Amino acid sequence: MTDTGEFRCGYVAIVGRPNVGKSTLLNHILGQKLAITSRKPQTTRHNMLGIKTEGNVQAIYVDTPGLHKQNDKALNRYMNKNAAAALKDVDVVIFVVDRTRWTEEDQMVLERVQFVRGPVLVAVNKADRLDDKTEMLPHLEWLAQQLPNAEIVPISALQGKNLDLLEKLVAERLPEGEHFFPEDQITDRSSRFLAAELVREKIMRQLGAELPYQITVEIEEFKQEGRILHIHALILVEREGQKKIIIGEKGERIKRIGQEARKDMEVLFDSKVMLNLWVKVKGGWSDDERALHSLGYRE
Ligand code: GDP
Ligand code: K
Ligand code: MG
């Protein structure tokens, strides 16, 4: 980010359909792995703030669950509602698109972004994927016409390409004002929340087509004892079969999930971590609004 002289501070929504690289972008900007990422759509379920303060500029990024096609499930309604809400009351919108693919869902997000009054930046992500068919490129001119006031920036969120420029453009568009958060605060989320998300990420990454989308993770214990942080996580699934899949043959899979989550937790919390995982069946929660609330989802 550039030092613009005055104190600046504001909210920056990162929007786009699932899998364009929104969470990867946030992590790279923050230089920390906060938001979980995977090849699966709907990896991100919650809005989360990522705060970056550099010199006089504080940018408060909002990572959103991607706007996606509606179906009847309560969880999907919750995710879409939060993604749409993220567009209101922000100072800058970063609309992330994937240079290799334009879909109906991108179109849907575009239609919402066109209503945004404030500054919009279009980040054309995955610039590193030169080998892929560049199906998107002919559309860029068209996209520029659809968003005549937007600045278009090619980036690679994965490799950090052109993110300096993107951050500079963000900083220039933030309003003047005092910072909302202390300089060293990087998120609004608790350590418990981040720990639960890391476990969820490993499950999403380990499981293929048989993936139970409806899993959720609760942290039952989070306690520092001397040099060791003890974390107990409960993995809730919908069906007995999903429990078997997560545990794997002779417990191999749950072991791997635990090892990988623990590694990330040790970096994030800067401590040795003892991680215990349990899997439990909880019937039908993803279609039940009340169960969503009892599991701590926020509206
Ligand atoms: P989100 O659903 O928009 O938050 O997308 P994620 O950040 O979870 O990323 C989806 C997938 O795209 C992951 O497998 C990422 O590693 C991958 N990805 C994200 N950014 C890039 C990029 O710049 N280049 C490439 N090649 N892959 C990327
Ligand atoms: K994803
Ligand atoms: Mg995401």
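The present account deals with the structure reproduced in this document. If you're wondering where the values come from, they're calculated on a predicted model, not measured in any experiment. (Residues numbered from 1 in each chain as written. Chains lettered and ligands numbered in written order. Predicted model: local features only at pLDDT ≥ 70, side-chain atom pairs only at ≥ 80, totals over all residues. Heavy atoms only, no water.)

### A short note on the overall build of the protein chain
Helix and strand content of the protein chain: nine helices and nine strands. Within the span of the protein chain, comprising 299 residues, buried residues form 53% of the whole. Taking contacts inside the protein chain between residues at least 6 apart in sequence as the whole, the part at least 24 apart equals 73%. Looking at the protein chain as shown, the accessible area adds up to about 14,500 Å², and 47% of this sits on carbon and sulfur atoms. (Helix = DSSP H or I, 4+ residues; strand = E, 2+ residues; numbered from the N terminus. Buried < 20%, exposed > 50% of the residue type's maximum accessible area, 1.4 Å probe, protein only. Contact = heavy atoms within 4.5 Å. Areas by Shrake-Rupley, 256 points an atom, 1.4 Å probe, with all protein chains shown as cover.)

### What about the pattern of salt bridges?
Evaluation of the coordinates by the stated rule reveals 17 salt bridges. Two residues, Arg8 and Glu6, come together in a salt bridge whose shortest N-O distance is 3.4 Å. Its relative accessible area of 13% is what places Arg8 among the buried residues. Salt-bridge contacts for Glu197 lead to Arg200; the nearest nitrogen and oxygen are separated by 3.0 Å. Here Glu197 and its partner Arg200 are both found in helix H6 (residues 191-206), three residues apart, which amounts to about one turn of the helix. With respect to burial, Glu197 and Arg200 carry one shared label: buried. Ionic contacts of the salt-bridge type, sharing partners, join the residues Lys33, Glu201, Lys202, Arg205 and Asp264 into one network. (Salt bridge = Lys/Arg side-chain N within 4 Å of Asp/Glu carboxyl O.)

### Here's the deal with the site of ligand 1
Residues in close proximity to ligand 1 total 17 residues, the closest being Asn19, Gly21, Lys22, Thr24 and Asp128. Between ligand 1 and the protein, one listed contact pairs an oxygen atom with a backbone N or O atom of Ser23 at 3.0 Å. At 3.2 Å, a side-chain N or O of Ser156 approaches an oxygen atom of ligand 1. A total of 580 Å² of accessible area belongs to ligand 1 in isolation, and the protein chains cover 88% of it. Per-element accounting of the shell around ligand 1 gives the leading share, three residues, to helix H1 (residues 22-30). (Near = heavy atom within 4 Å. Polar contact = N/O pair within 3.5 Å; in protein donor to acceptor, adjacent residues only side chain to side chain.)

### Here we look at the packing of H6 against helix H8 (residues 252-269)
Where H6 meets H8, the closest approach of the two axes is 9 Å, and the angle between their N-to-C directions is 140°. By the angle between their directions, the pair H6 and H8 is classed as oblique. Considering only the axes of H6 and H8, their crossing is right-handed. Residues Ser191, Leu194, Ala195, Leu198, Val199, Glu201, Lys202, Ile203 and Gln206 of H6 lie in contact with H8, whose contacting residues are Arg253, Arg256, Ile257, Glu260, Ala261, Asp264, Met265, Leu268 and Phe269. Along the lines of polarity and charge, the residues of the contact of H6 with H8 split into 10 nonpolar, two polar and six charged. (Axes fitted to C-alpha atoms, helices over the stretch in contact; angles between N-to-C directions. Parallel < 35°, antiparallel > 145°, perpendicular 65-115°, else oblique. Left-handed = near helix turned anticlockwise from the far one by under 90°. Nonpolar A, V, L, I, M, F, W, Y, C, P; charged D, E, K, R; others polar.)

### Some points on the packing of aromatic side chains
Counting across every chain of the model gives three aromatic pairs. Considering the side-chain rings of Trp102 and Trp142, the 5.7 Å spacing of their centres and the 80° angle between planes classify their relative orientation as edge-to-face. Here the residue Trp102 occupies a position in the loop between strand E4 (92-98) and helix H3 (104-113), and Trp142 occupies one in helix H4 (residues 137-146), the gap between them amounting to 40 residues. The aromatic ring of Phe193 is capped on one face by Arg189, whose charged end is 4.1 Å from the ring centroid. (Phe/Tyr/Trp six-rings, centres within 6.5 Å; stacked < 30°, edge-to-face > 60°. Lys NZ or Arg CZ within 6 Å of the ring centre and 35° of its normal.)

### Structural notes on the nonpolar core
Judged by nonpolar contacts, the single largest core of 55 residues is most densely connected at Leu25, Ile94, Val199, Ile235, Ile246 and Met265. Of all the elements, H6 adds the most residues to this core, at seven residues. Judged by nonpolar contacts, the second largest core, of 19 residues, contains Ala13, Val15, Val97 and Leu147. (Core = buried A, V, L, I, M, F, W, Y, C linked by side-chain atoms within 4.5 Å.)

### Details of unusual backbone geometry
Although it is not a glycine, Asn19 adopts a positive phi angle of roughly 80°. By the element assignment, Asn19 lies in the loop between strand E1 (8-15) and H1. Classification of Asn19 as partly exposed rests on a relative accessible area of 29%.

### Let's talk about the sheet that holds E1
Strand order across the open sheet formed by six strands is E2-E3-E1-E4-E5-E6, with mixed pairing between neighbours. Looking at the sheet topology across the chains shown, the edges are occupied by strand E2 (48-54) and strand E6 (151-154). Between one strand and the next, the sheet's axes are offset by a mean angle of 25°, whatever the strand orientation. Sheet analysis places E4 next to strand E5 (residues 120-125), joined by six bridges and oriented parallel. (Pairing = 2+ DSSP bridges.)

### Examining the packing of helix H7 (residues 240-247) against H8
Running from N to C, H7 and H8 cross one another at 65°; their axes reach a closest spacing of 5 Å. Taken together, H7 and H8 sit at an angle that is classed as roughly perpendicular. For the pair H7 and H8, the contacting residues are Ile245, Ile246 and Ile247 in the first and Glu252, Arg253, Ile254 and Ile257 in the second. Residue composition of the contact of H7 with H8, grouped by class: five nonpolar, no polar and two charged.

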